[in-house]
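# Reading the structure
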Amino acid sequence: MILHQNGAAVPPIHLVESEADMISDLAWAARDRFPDVCQLLQQEVGRAQLCASADLPCTVVAMGSDVAYRDGRDGASRRVQLVYPGHADVALGRISILTPIGAALIGMQAGASILWPDRDGHLRDIIVDEVVQARAA
């Protein structure tokens, strides 16, 4: 699945360099189970501006971030935490990076939006309203 084939502008994204490596490795390892999402994740990692953790703007979605976003189709607001698959629990609002919405959110900045395919392949406008970084333990 190629997301950006119609020439639509996509927002810039930023990733922590070490997270980009882990996300790329995870996508590669899961490509047989989740081929579309993994391909999209690889594309996002490839186009991302990489930076050190300390240099990531606090308004950018990283692993562990709490994110408030809206679905442009139905206007529904949601709040989730973006996590690695082993920590995912939809009932607790923790969504995996290997889900379509998780892949859409990573690297996005508050105020930005992106057209992104859902599980059925329909494009949805995902709008990031707020990002709260995970607290250091």
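First things first, this report covers the structure right here in the doc. Please read all numbers here as calculations on a predicted model, not as lab measurements.

Attention shifts here to the overall build of the protein. Of the regular secondary structure elements, the protein holds three helices and seven strands. For the protein, the succession of helices and strands along the chain, N to C, is β-α-α-β-β-β-β-α-β-β. A compact globule built from 137 residues should have a C-alpha radius of gyration of about 14 Å, and the protein, at 14 Å, falls within 12% of that. Taken along its principal axes, the extent of the C-alpha atoms in the protein is 40 × 35 × 30 Å. Of all 137 residues assigned to the protein, the portion counted as buried reaches 43%. Sequence-distant contacts in the protein: of pairs separated by 6 or more residues, those separated by 24 or more amount to 58%. Accessible surface, the protein: about 7400 Å² in total, of which carbon and sulfur atoms supply 52%.

Okay, the nonpolar core next. Among the nonpolar cores identified, the biggest contains 33 residues, and Leu41, Ile97, Leu105, Ile106 and Ile126 are the most heavily contacted of them. Elements supplying a minimum of two residues to this core: helix H1 (17-29), helix H2 (35-47), strand E3 (66-71), strand E4 (77-83), helix H3 (100-105), strand E6 (113-117) and strand E7 (123-132). Ranked by residue count, the leading element in this core is H2, at five residues. In this structure Ile126 touches Tyr69, Arg70, Ile101, Ala104, Leu105, Ala112, Ser113, Ile114 and Trp116, once residues within four positions along its chain are discounted. By size, the runner-up hydrophobic cluster in this structure holds five residues, among which are Val16, Leu56, Val60 and Ala62.

In the structure shown here, the tally under the stated rule is zero aromatic pairs. Above the face of the Trp28 ring, Arg31 is positioned so that its terminal group lies 3.9 Å from the ring centre.

Bringing the pattern of salt bridges into the picture now. Applying the stated criterion across every chain, the model contains eight salt bridges. A salt bridge links Asp118 to Arg124; the shortest N-O distance between them is 3.4 Å. Taking the relative accessible area as the measure of exposure, Asp118 reaches 15% and is therefore buried. When its relative accessible area of 18% is taken as the criterion, Arg124 is described as buried. What you see here is one network of salt bridges that share partners, running through Asp71, Arg73, Asp74, Arg78, Asp118 and Arg124.

Definitions and cut-offs
Every chain's residues receive numbers from 1 upward, in the order its sequence appears when written. With pLDDT at 70 or above as the cut-off, local features in this predicted model cover only qualifying residues; side-chain atom pairs require 80 or more to be listed or tallied, and sums for whole chains, interfaces and linings still use all residues. Only heavy atoms go into the side-chain values, all of them from the structure, while hydrogens and water stay out. Segments assigned H or I by DSSP are reported as helices when at least four residues long, segments assigned E as strands when at least two residues long, and all are numbered from the N terminus. For the radius of gyration, the atom set is restricted to C-alpha positions; the globular benchmark scales as 2.2 Å times the number of residues to the power 0.38. Per-residue accessibility, obtained with a 1.4 Å probe over protein chains only, is compared with the maximum for each type, and a residue is labelled buried under 20%, exposed over 50%, and partly exposed between these values. The contact rule is simple, with two residues in contact once any of their heavy atoms fall within 4.5 Å. All accessible areas in this document rest on Shrake-Rupley with a 1.4 Å probe, and a residue is counted as covered only by the protein chains that are shown. In this description, a nonpolar core means a group of buried Ala, Val, Leu, Ile, Met, Phe, Trp, Tyr and Cys residues linked to one another through side-chain atoms lying within 4.5 Å. Within 6.5 Å between ring centres, the rings of Phe, Tyr and Trp (the latter by its six-membered ring) count as paired, and their orientation is classed by plane angle as stacked under 30 degrees, edge-to-face over 60, tilted in between. A ring has a charge above it when a Lys NZ or an Arg CZ is no more than 6 Å from the ring centre and no more than 35 degrees off the ring normal. Every case where a carboxyl oxygen of Asp or Glu lies within 4 Å of a side-chain nitrogen of Lys or Arg is listed as a salt bridge.

All quantities given are derived from atomic positions and should not be read as evidence of function.
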